[in-house]
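Single-letter residue listing:
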Amino acid sequence: MARRFYVTTPIYYVNGVPHLGTAYTTIVADALRRYHLLCGDDTRMLTGTDEHGLKIEREAVAKGISPQVFVDDMSGRFRAAWPELSIEPSDFIRTTEPRHTALVQELWRRVEANGDLYLGEYEDWYCVGCESFKTEKELLPGNLCPLHARPVERLKEKTYFFRLAKYQEPLLRHYEEHPEFIAPEGRRNEVLSFVRGELRDLSVSRTSFTWGIPAPGNPKHVLYVWFDALANYWTALGGEGAPLGCYWPPEGYALHLVGKDILRFHTVYWPAFLLSAKIPLPSRVFAHGFLTIDGQKMSKSLRNAVDPLRLARELGADVLRYQLLRAIAFGQDGDFDHSALLARYNADLGKNVGNLLSRTLGLCGKVTGGKTPAFGAPTQLETDFIEEYTRRVGASRAHWEALEPHRALEEAIGLSSAANQYIDRAAPWAAAKADSPERVGTILATLLEALRGLSVLLWPALPNKMAQMRVQLGITPLAPAVGVDLWPMRFEPRAAGEALAASGPLFPTFDKDAEQALLAKLAPRVDSEKPNVPVVQAAPGTVSYEQFAALDLRVGVVKTCERVVRKDKLLKLTVDLGEPEPRSIVAGLALTFAPEDLLGKRVLVVANLASREFGKGLVSHGMILATGPSEALRLASVPDDVPVGSRLK
Ligand code: MSP
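Worth saying up front: this structure is predicted, and the values here are computed from it rather than measured.

(A) Examining the overall build of the protein chain more closely. A tally of regular secondary structure across the protein chain gives 20 helices and 26 strands. Relative to the globule expectation of 26 Å for 649 residues, the C-alpha radius of gyration of the protein chain, 28 Å, shows essentially globular dimensions. A principal-axis box enclosing the C-alpha atoms of the protein chain has dimensions of 85 × 75 × 45 Å. Here the protein chain holds 649 residues, and 53% of them are scored as buried. Contacts in the protein chain between residues far apart in sequence, at least 24 positions, make up 75% of those at least 6 positions apart. On the protein chain, roughly 28300 Å² of surface is accessible, and the fraction owed to carbon and sulfur atoms is 53%. Between the centroid of the 76 positive side chains of the protein chain and the centroid of its 77 negative side chains there is a distance of 2 Å.

Written out as C-alpha cells, the structure reads:
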C-alpha cells in the first residue's frame, strides 16, 4: 500500500552559502525521499530558505544592499546548489514568497483567535546568531551565547507573547501518546525535561526592526522569525484544504529532519503553535548530530568549512553523498575526514562493488558473449547466497524505515562482499575450464541478479553511479511510480540472452599518489592561529575578522576577453576560477589593457561579490583586483604556480 511520505529539511538562513552541515541534512532527506520512491510511496520533499529577521537585515546592511536584493541572491545559491549534489526536492520555499507570508498570517490569526496572544513588554538577552532569547542561566561567562560564543545583546521592546505555558500539559500528553514524535530517544528525554520545567510564554513579535512579516492587525510588529520560519512546513503545502494538504497528518506522514541545535523550536514551539491553531501535528521530528571536519569543529565563519559543491565537482556528488550517509551514524555527531572518505570510497565502492561489477561483466564478456546466461540448477552455494541476499535486502529496508541510512548501506555493501566471496567459492573460471557452460551460466546469472539488487539498494545514496551501473547491466533506469514497490525483495534472475553493456570501471580507485594530490587539493582551509575567543565588535572604520573572512578572494586565469561596444572603459572577460564553468566578469580595464594583453593572465578575483549589471545582458559575476589610475592599471596577482581557484586568506 502506498504511503504518503513528506520529508522536510530546516529552511536555511541565507547569511551564508550552503556548507557541509546544511548539505548533510539535505542529502539525508533526499536519500530518504529516494528510498520511499522505491517503495512506491507517494513522496514529497521540501527544503528552502529562511530569509527574515535581524541577522539577515544586519548582513544586508553590512553589504550596503537592500535585504530583498541580498536574500534573492543568497536564496538562489541554495536553490542552485542542491541539484549539484543530486538533491531533487519537490518544492523549495522562501519565507519572502507571498504564498508563505499570507499563510503565516493566517496561522497567526488562528492562534490569536484561540486567545493565545497578548501584548506586553519583554526584556532579556538575545543572540542574533540563534535568533533567540537566552535566559541568564544559559549564558557562558562574559554573557556569551553557548552556541555562538559571541556576546548576546540586551533587548527590551514591546512584543506579543504566545501563551506557551498553557501548552505544557497538552505537549507532554502528545509526547506520551506519540513516543515516536521525537527521535532519537536521548533527544526525546532532553525535550521532556525541558517541557516539564518552567515553560515561559514566548515572545513572538518584534518592533525594533522591520525585515519580517507584519503582524496582522498591528503592522508595527513583525513576526518573530521562528514563528515565521517553522510555519514553512505547513504553508508550502498550501494551508488547510489545499490539495497538497494530504501530505500532512492525518492522511500523510510528515517527518522533519533537523540539527540537534534547533530541536526545541521543532518539538516545543512548533507543536504548541499548531495545537493552538488546531492543526494536526507532524508525525516525527528527528534530530541529527553535528559534523566536525577532520576532527576540528566546523566554524561558522567558514574558515574550515568544506565546500560540498567543490567536493562534488572534484569527486562526483555520489561519492560525497555516500560518505555522509555511510560514515556518520544518523543522529550522532560525526567527523568528516577527507582521507577516510577516499579510503572508504576505495574499499566499499572501488574494490568491492566496482570490482564485483567488472569481474562479473568481464566473465560474461568472455564466456557468454556479453549476454545474460541462463540460471540453471542451483547448488548449495547459490542457495546459501540467495538466503543471505534476501536477509540483507530485507535488513537494509528495515534500516531505512528506522532512519538508519548508515546501517541500510552497510547491509548493501555487506551483500556486495558476500557476492565477491561467492565468486571466489563458486570459481566460475574453473567451471569454464572444465567446460561446464550451464554451471558457469548459473553462477554468472546469480551475480548479475545480485548486482541488479544492489543497483536498487544503493540508489538512494548513489543515484548517478547506480544509473550507470544499470546501463552496464543492460537494464532499464529505475522509474519509481506510486504504488509500485521496486525494492528487490525476491531473487529472480533475468531471462537468458539479454544484452549487457560493459564499459570502463564504475568506481576507478585512487592510488597513493592520486590520493595525496586530491587531499592536497581538498584539504580544508583551517586557520589554526585563529584564537578561540569571542569576536570583539569592530571599531568604526574597521571590519571584523568575520567580515574579512566572508570575502571570497580567488586566483583565476583569463580565458577570453573582448571590448564592449560603446563602453570605452570596459572589457568583458571569462575567468576560470576552478569552477565547472568560467565566470563572466565585466571590468573597467580597457583604458590600460587590450583584450589580447590579458589572455592567459593570472588575476585575483572577488568571487562572492553580488552580481552587477552594466547594461542590457552585460552582467558581471565578480571583480578583478587592480591598482593605479584607469590608464595605467597594474593587476594584482600571485606567482604563476599558484593553482587556479586558490583562495586568499
Ligand atoms: N533557519 C533556521 C532553521 C529554521 S527551520 C524552520 C536555521 N538555519 S541554519 O542555516 O542556521 O541551520 C540549518 C541547519 O543546519 C540546522 O539544522 C543545523 O543544525 C544544521 N547545521 C549547521 N551546522 C552544522 C554542522 N556542523 N553539522 C551538522 N549540521 C549543522 O537554524
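Next, the rest of the story.
(B) View of the pattern of salt bridges. Using the criterion set out here, one finds 44 salt bridges in the structure. A salt bridge links Glu251 to Arg4; the shortest N-O distance between them is 3.0 Å. Taken together, the positions of Glu251 in the loop between α8 (232–235) and β13 (253–259) and Arg4 in strand β1 (residues 4–8) put the pair 247 residues apart, joining distant regions of the chain. According to the relative accessible area criterion, Glu251 is exposed, its value standing at 54%. Judged by its relative accessible area of 27%, Arg4 is partly exposed. A salt bridge links Asp348 to Arg344; its shortest N-O distance comes to 3.7 Å. Here Arg344 and Asp348 lie together in helix α12 (residues 338–367), a separation of four residues that amounts to about one turn. By relative accessible area, which is 12% here, Asp348 ends up buried. On the accessibility criterion, Arg344 (24% relative accessible area) is partly exposed. The structure contains a network of salt bridges with shared partners spanning Asp30, Arg33, Arg34, Glu88 and Arg321.

(C) Broad picture of the domain arrangement of the protein chain. Split into domains, the protein chain comes out as domain 1 (4–288), domain 2 (336–524) and domain 3 (551–635). Its C-alpha centre places domain 1 at a distance of 41 Å from the equivalent point of domain 2. Counting residues at the interface gives 17 residues for domain 1 and 20 residues for domain 2. In this assembly, domain 1 packs against domain 2 so that about 1600 Å² is buried in total across both faces, 72% of it on carbon and sulfur atoms. Area buried by domain 1 at its contact with domain 2 is led by Arg34, Tyr35 and Leu38, which between them contribute 43% of it. Between domain 1 and domain 2 we count zero salt bridges in total. Remark: the boundary between domain 1 and domain 2 carries five residue pairs in polar contact (both at pLDDT 80 or more). Elements that contribute at least two residues to the side of domain 1 that touches domain 2 include exactly α1 (20–38) and β14 (284–288).

(D) Structural context of the pairing of strand β19 (residues 567–576). Where strand β18 (residues 553–564) meets β19, seven bridges bridge the pair, whose relative direction is antiparallel. Across the sheet, Arg563 pairs through a bridge with Leu571, a residue of β19. The antiparallel hairpin formed by β18 and β19 contains two residues in its connecting segment, where Arg566 sits at a positive phi of about 60°. Inspection of the sheet shows β19 paired to strand β20 (residues 583–587) by five bridges, in the antiparallel sense. Bridging from a neighbouring strand, Val575 pairs with Arg583 of β20.

(E) Molecular detail of the pairing of strand β3 (residues 42–50). Buried residues dominate β3, accounting for nine of its nine residues. Examined bridge by bridge, strand β2 (residues 12–13) and β3 share two bridges and lie parallel to one another. Counted as the bridge partner of Tyr12 is Thr49 from β3. Where β3 meets strand β4 (residues 91–94), four bridges bridge the pair, whose relative direction is parallel. Residue Thr47 lies in a different strand from β4, and its bridge partner there is Phe92.

(F) Fine view of the site of the ligand. Close contacts around the ligand come from 24 residues, with Ile11, Asp50, Gly259, Asp261 and Leu291 the closest. One nitrogen or oxygen atom from the main chain of Leu291 is found 2.9 Å from a nitrogen atom belonging to the ligand. Burial of the ligand by the protein amounts to 94% of the accessible area it has alone, namely 670 Å². Looking at the shell around the ligand, the elements with two or more residues in it are β2, α1, α7 (225–230), α8 and β13. With three residues, α7 is the single largest residue contributor to the shell around the ligand.

(G) Representation of unusual backbone geometry. For the peptide bond that leads from Ala183 to Pro184, omega is -10°, which places it in the cis range. By the secondary structure assignment, Pro184 is in the loop between β8 (182–183) and α6 (185–196). Cis geometry marks the peptide bond from Pro249 to Pro250; its omega dihedral reads 10°. Residue placement: Pro250 occurs in the loop between α8 and β13. With a phi close to 55°, Leu403 is a non-glycine residue in the positive phi region. On the secondary structure map, Leu403 appears in the loop between α13 (380–401) and α14 (405–426). The residue Arg566 is not glycine, and still its phi comes out positive at about 60°. Position of Arg566 relative to the elements: it lies in the loop between β18 and β19.

Rules and cut-offs
- Counting restarts for each chain, with residues numbered from 1 along the sequence as it is written.
- Selection of residues for local features in this predicted model requires a pLDDT of at least 70, selection of side-chain atom pairs for listing and counting requires 80 or more, and totals for whole chains, interfaces and linings are taken over all residues.
- As a convention, hydrogens and water are excluded, and side-chain values are obtained from all of the structure's heavy atoms.
- By the criteria applied, helices consist of DSSP H or I runs no shorter than four residues and strands consist of E runs no shorter than two, each listed in order from the N terminus.
- The globule rule used here is 2.2 Å times the number of residues to the 0.38 power, and the radius of gyration it is set against is calculated over C-alpha atoms.
- Three labels apply to residues, based on accessible area from a 1.4 Å probe with only protein chains included: buried if under 20% of the type maximum, exposed if over 50%, partly exposed otherwise in between.
- Whether two residues are in contact is decided by their heavy atoms, any of which lying within 4.5 Å being enough.
- In short, Shrake-Rupley with a 1.4 Å probe defines the accessible areas, and a residue's cover is counted only from the protein chains shown.
- His residues and chain termini do not enter the charge count, which takes Lys and Arg as positive and Asp and Glu as negative.
- For this purpose, a charge sits on NZ of Lys, CZ of Arg, CG of Asp or CD of Glu.
- Here, a salt bridge means any side-chain nitrogen of Lys or Arg that lies within 4 Å of a carboxyl oxygen of Asp or Glu.
- Where each domain begins and ends is defined by an automated method or by a domain database.
- Note on terms: buried area is the combined drop in 1.4 Å-probe accessible area of two parts once they are placed together, counting the loss on both.
- N or O atoms within 3.5 Å of each other form a polar contact, as long as, within protein, one can give a hydrogen and the other can take it, and as long as residues adjacent in sequence are counted only when both atoms are side-chain atoms.
- We treat two strands as partners when DSSP finds at least two bridges between them.
- The criterion for a residue being near a molecule or strand is simple. One of its heavy atoms has to lie within 4 Å of it.

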